[in-house]
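# Observations on the three-dimensional arrangement
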Amino acid sequence: MGARKKTTRFARKEHLAGYLFTLPAILGLLVWTIGPIVASLVLSFTDYQVIADTINWIGFDNYITIFTEDLYFKQALVVTLYFAFASTAATLVAALLIALLMNMKIKGQGLWRTLFYLPVLVPAVAANILWMWLFNPEFGLLNGILRFFGLPASMWIYDEASVIPSLILLSIWGCGGAALIFLAGLQEIPKDQLEAVELDGGNAWHQFRFVTIPTISPIIFFNLIMGLIGAFQTFNQAYIMTEGGPNNASLFYVYLIYREAFVHSNMGYASALAWILFLVVSLFTVLIFRWGKGWVFYGGGK
Amino acid sequence: MKGLLKDACHVVTLLAAFSCSGCLFASVGTNDPVELRFTYWGGPLEREAVETLIATFNNEHPGIQVRAQLVPINSYVEKMNVMAASKTLPDVGYFPEGSLYPWVENGMLRDLTPLLTGDEANEKLDYTLYQFHDGPIAGGSVANEVINIYYNKQLFAEAGVELPPTKAEEAWSWDEFVEVAKMLTVDRNGRRANEPGFDENRIETYGVSNFTGWIDSFLFSNGGGFVDETGKQLLIDQPESIEVLQHVADLMYVHHVMPKPSDLSTVPATDTALLTKRVAMAVDGQWAMQELGRASVKDGLDFGIGVLPYFEQPATTNYGTPIVAFETGKEGEHRQAVDTFLTYIMDPENVLMLIHEGLWMPNETAWYEDREKIERWIDTPIHPPEYEEAVVDWAKDYVVQNPNYFWDDRQKAGDIISPALDQLWLNNKTAEEVVLDDIMPRMKRQFGDKYE
């Protein structure tokens, strides 16, 4: 007799019920996610234009055009990479600092936690419009603060050089979600280890460096990967605040895809652009996973 | 158990009722009106006006029922693409002019030549018809619109400056215009832009609104433009065009009489800007009259209209949303219904309400020549006395057709030109650098030898 247990009628029924219950979700995934993904892969090898009657198989032509002729591909990729790495790094640092603050036993802790998390709840469009006011060079709050301290004002999103840094500032403002995950990690740190450092004559920095960071390294890693993937898909800011300008300085990759697909009707070409983004994101994810092996410590793991 | 049975009966009855009503709706009799869908965009005032127009049409034509659907302009093309993909395109609709050509090229729009050029009694203004490379007429402007100067008379009186000319023959030269704009620009200490001690960083009233989006008229007035009238030769790299671009940028950074792009969010729409004295003059389309008219009646804004300043010769250009008939594959009665609606909405007689409100101008030649028609058009509480010279005559004789009506690469070229011009409007580069170093090499890469 093998080790396999015989399935009882009851268990079979239970399995069936289980599948039936998950069926809507599975169907949804197949029809609304996997289906379009496969379709876009196929379309990326065609000249599909929504408004044309015919679809022709053109092999790798779209991909070749992207790499050899496209006027905006390189610019969009550079803008997106710049923003993705800078904003992810800045957001991680800010979220960790905020989490450390929120973890301290201070008065009104609940209030602070709510305040820092609040931006996450603001709908993206509202947040973007709000920040357009804050960024206003003449009467915006940010320049008001700079002027108050006698500092030179900035053009914020209205200048090629400062538009991406401004958008990074905006993404830091919304780092409450990551901060909350960090906070959960910080509260899991064993007190005895921190005390051990203290007994050995270590200070707060040593505690942070040798206990806190290694303990929460899986969380740093998680936030890093999720933040990066999210940042690669930045769209709202370009769509609502800058329209990719000035002078294409905020032409995010997903905005370029959107423009090709829905403004110029080139669905095939836009699909090819999307698959290139998928490959770029995958590549960076794999690289970061490899890099992570060197510094991410899983408690009790290898 | 009995209760359960009763509930089940209710459900069955309800379902039956629903399905029957479905049957009723599904079985369309031959006497039922033809249903048309019409998509458009517009602000609250335009929406109100268009809905009234449609309701009147539906009342007068019991055999046709038009259903109007407002689609925001920002996502209009996106929406049309999605509708095309799902084969649910409307029958008739506005269409953003810059995005028209790919739809013409792919045969998605019906040729309206017989409809728009056939009726001699209702001859349309030539320049309001959309036609690429002598191909089909893809649409006509539902309303004509030209560019003018609007101004707050009170600010002119305070500055002691003569009002803008209303006759093209007397239009200001560019230099005269700059001088006037300087006299009208006032900082927060009350100093004018032509006075010593003027603080360019704290401007209370700008001489003129930012019109970088409406520069075609000025390019034409200097013999330049983005492209020539055949659509086959680029003009943007000509010295005449570069000169105008630089002059417009200089209004912001040399003369300080026009808001910079970064100041734009502090400048409200034309009516409020003139009313609140944020700007003294606004270069804008005739359509601004609707809002200005309301501001004059409701808030007592004393506004006037003048012709544009010129470089070599006076010129303006025309805008005007094309109205198109989509190729939906429906023939026969349906097609006739579309034609009836199009003929109706394209006839100034039927849209006088929109014309009286100041939103539209007639799109037919007779309304610019026939005394009686002109009077019926402009004799309203909101059209100022100088309107006939500054707008009617101006539109009759000084329009250079906008490339939107014939240039097939309008959209792709725009994707190159607009971002590059940002650098000029932000004062990072000169007009010559932008055009020769940024625009032309990219045009060459995008279009190859097409414009050699």
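Above this text is the structure in question.
A short tour of the structure in this document, coming up. (Residues numbered from 1 in each chain as written. Chains lettered and ligands numbered in written order. Predicted model: local features only at pLDDT ≥ 70, side-chain atom pairs only at ≥ 80, totals over all residues. Heavy atoms only, no water.)

### Remarks on the overall build of chain A
For clarity, the threshold we go by: Going along the chain from the N terminus, every DSSP run of H or I of four or more residues is numbered as a helix, and every run of E of two or more is numbered as a strand. In this description the radius of gyration comes from C-alpha coordinates, and the expected globular size is given by 2.2 Å times residues to the power 0.38. Between buried and exposed lies partly exposed: a residue is buried under 20% and exposed over 50% of the maximum accessible area for its type, with that area taken using a 1.4 Å probe on protein chains only. We call two residues in contact when some of their heavy atoms are within 4.5 Å. The Shrake-Rupley method, run with a 1.4 Å probe sphere, supplies the accessible areas, and residue values consider only the shown protein chains as cover. Neither His nor the chain ends contribute to the count of charged residues, in which Lys and Arg are positive and Asp and Glu negative. Each charge is placed at NZ for Lys, CZ for Arg, CG for Asp and CD for Glu.
When its secondary structure is counted, chain A shows 13 helices and zero strands. Reading the secondary structure of chain A in the N-to-C direction produces α-α-α-α-α-α-α-α-α-α-α-α-α. Taken over C-alpha atoms, the radius of gyration comes to 25 Å for chain A, far larger than the 19 Å a tight globule of 302 residues would show. Viewed in the frame of its principal axes, chain A has a C-alpha envelope of about 85 × 75 × 35 Å. The buried share of chain A, reckoned over its 302 residues, is 41%. Sequence separation of at least 24 residues holds for 66% of the intrachain contacts in chain A that already meet a minimum separation of 6. For chain A, the exposed area adds up to about 17,600 Å²; of that, 70% sits on carbon and sulfur atoms. Looking at charge distribution, chain A has the averaged site of its 17 positive side-chain charges lying 20 Å from that of its 16 negative ones.

### With respect to the pairing of strand S11 (residues 316–319) of chain B
Residue and element names in this part refer to chain B. In plain terms, the rule: Strand pairing requires that DSSP identify at least two bridges connecting the strands.
Residues Thr316 and Asn318 point to one face of S11 and Thr317 and Tyr319 to the other, with burial holding for every one of them. Summarising the sheet, S11 and strand S13 (residues 399–400) pair through two bridges and their orientation is parallel. Within S13, the position partnered with threonine 317 by the bridge is valine 400.

### With respect to the side chain of serine 250 of chain A
If you trace the backbone, serine 250 of chain A turns up in the loop between helix H11 (236–242) and helix H12 (253–263). Look past the residues within four positions of serine 250 of chain A in its chain and what remains in contact with it is Val79, Val163, Ile164, Leu167, Ala238, Thr242, Gly244 and Gly245 of chain A.

### Looking at the packing of helix H8 (residues 176–186) of chain A against helix H10 (residues 204–232) of chain A
If you want to describe how two helices pack, look at the angle between their axes and the distance between the axes. Residue and element names in this part refer to chain A. Note the threshold: Axis definition: a line fitted to C-alpha atoms, limited for helices to the stretch in contact. Angles are taken between N-to-C directions and run from 0 to 180 degrees. Here the angle decides the label: under 35 degrees means roughly parallel, over 145 means roughly antiparallel, 65 to 115 means roughly perpendicular, and every other value means oblique. Here a crossing is called left-handed whenever its near helix is offset anticlockwise from the far helix by less than a right angle, and right-handed whenever the offset is clockwise. The classification used treats Ala, Val, Leu, Ile, Met, Phe, Trp, Tyr, Cys and Pro as nonpolar, Asp, Glu, Lys and Arg as charged, and all other residues, Gly among them, as polar.
Packing of H8 against H10 brings their axes to within 9 Å, and their N-to-C directions diverge by 150 degrees. The angle between H8 and H10 falls in the class roughly antiparallel. As H8 packs across H10, the resulting crossing turns out to be right-handed. Between H8 and H10, the contacting residues are Ala178, Ile181, Phe182, Gly185 and Leu186 on the first element and Thr212, Ile216, Ile219, Ile220, Phe222 and Asn223 on the second. Grouping the amino acids of the contact of H8 with H10 by side-chain chemistry returns eight nonpolar, three polar and no charged.

### What to know about the pattern of salt bridges
We apply this condition: The salt bridge criterion pairs a side-chain nitrogen of Lys or Arg with a carboxyl oxygen of Asp or Glu, the two atoms within 4 Å.
Tallied over the entire structure, the rule returns 18 salt bridges over all chains. The closest approach of N and O atoms between arginine 259 of chain A and aspartate 415 of chain B, which form a salt bridge, is 4.0 Å. On the criterion of chain membership, the pair formed by arginine 259 of chain A in helix H12 and aspartate 415 of chain B in helix H17 (residues 410–425) is interchain, its members lying in two chains. The burial state of arginine 259 of chain A is the same as that of aspartate 415 of chain B; both residues are buried. Here lysine 277 of chain B ties to glutamate 158 of chain B by a salt bridge, and the two come within 3.5 Å at their closest N and O atoms. Taken together, the residues lysine 277 of chain B in the loop between helix H10 (270–275) and strand S9 (279–285) and glutamate 158 of chain B in helix H6 (residues 153–159) connect sequence positions 119 residues apart. The exposure class assigned to lysine 277 of chain B is partly exposed, which follows from its relative accessible area of 25%. Accessibility expressed as a relative area gives 47% for glutamate 158 of chain B, which makes it partly exposed. Within the structure, one salt-bridge network assembled from shared partners comprises Arg371, Glu375 and Glu388 of chain B.

### Some remarks on the interface of chain A and chain B
Which entries qualify depends on this criterion: Take the accessible area each of two parts loses on contact, using a 1.4 Å probe, and add the two losses: that sum is the buried area. Whenever a nitrogen or oxygen atom comes within 3.5 Å of another N or O atom, the pair is scored as a polar contact, on the condition that within protein one atom can donate a hydrogen and the other can accept it, and that pairs from neighbouring residues in sequence are kept only if both atoms are in side chains.
Contacts between chain A and chain B engage 30 residues on the former and 32 residues on the latter. Here chain A and chain B share an interface that buries about 2,500 Å² over both sides, 48% of which is from carbon and sulfur atoms. Three residues, Ile51, Leu71 and Glu138 of chain A, lead the burial of chain A against chain B; their summed loss comes to 27% of the area buried on that side. Applying the counting rule to chain A against chain B returns one salt bridge. Where chain A meets chain B, there are nine residue pairs in polar contact (both at pLDDT 80 or more). Looking at the side of chain A that touches chain B, the element that brings in the most residues is H12 of chain A, giving five residues. Classifying every residue of the side of chain A that touches chain B by side-chain character gives 16 nonpolar, eight polar and six charged.

### What to know about the packing of helix H5 (residues 124–134) of chain A against helix H7 (residues 163–173) of chain A
Residues and elements named next belong to chain A. With their axes 11 Å apart at the nearest point, H5 and H7 run at an angle of 130 degrees to one another. In terms of axis orientation, H5 runs oblique to H7. Crossing geometry of H5 relative to H7 is assigned as right-handed. In this structure, H5 contributes Ala127, Asn128, Leu130 and Trp131 to the contact, and H7 contributes Leu169, Leu170 and Trp173. Classifying every residue of the contact of H5 with H7 gives six nonpolar, one polar and no charged.

### Digging into the sheet that holds strand S2 (residues 64–70) of chain B
All names here are of chain B. Taking strand neighbours across the sheet as the criterion, the six strands line up as S2-S1-S3-S12-S5-S4 in an open arrangement whose pairing is mixed. Where the open sheet ends on each side, the last strands, each with one partner, are S2 and strand S4 (129–131). Between one strand and the next, the sheet's axes are offset by a mean angle of 25 degrees, whatever the strand orientation. With two bridges joining them, strand S5 (residues 137–141) and strand S12 (residues 322–325) adopt antiparallel strand pairing. Directly across from serine 141, in S12, lies its bridge partner proline 322. Its contacts with the sheet place helix H2 (residues 44–60) against strand S1 (34–40), S2 and strand S3 (92–94), and it is angled at close to 170 degrees to S2.

### Let's talk about the nonpolar core
Put simply, the test is: We call a set of buried residues a nonpolar core when its members are Ala, Val, Leu, Ile, Met, Phe, Trp, Tyr or Cys and they connect through side-chain atoms within 4.5 Å of each other.
The biggest cluster of nonpolar side chains holds 222 residues, and the ones touching the most others in it are Phe38, Trp103, Phe177, Phe211, Leu245, Met281 and Ile439 of chain B. Residue contacts for phenylalanine 38 of chain B: discarding those within four places in its chain leaves Val50, Ile54, Val66, Arg67, Ala68, Gln69, Val92, Gly93, Tyr94, Ile323, Phe341 and Ile345 of chain B.

### Quick notes on unusual backbone geometry
Across the chain, the bulk of peptide bonds are trans and the bulk of non-glycine residues have phi less than zero. Looking along the chain, the bond that leaves glycine 245 of chain A and enters proline 246 of chain A is cis, with omega of -10 degrees. Unusually for a residue other than glycine, tryptophan 156 of chain A sits at a positive phi of about 50 degrees. Phi is positive for lysine 277 of chain B, close to 60 degrees, though the residue is something other than glycine.

### Here's the deal with the side chain of asparagine 223 of chain A
Residue and element names in this part refer to chain A. With respect to the helices and strands, asparagine 223 occurs in helix H10. The exposure class assigned to asparagine 223 is buried, which follows from its relative accessible area of 8%. Once residues lying within four places of it in the same chain are set aside, the contact partners of asparagine 223 are Leu92, Ala178, Ile181 and Phe182.

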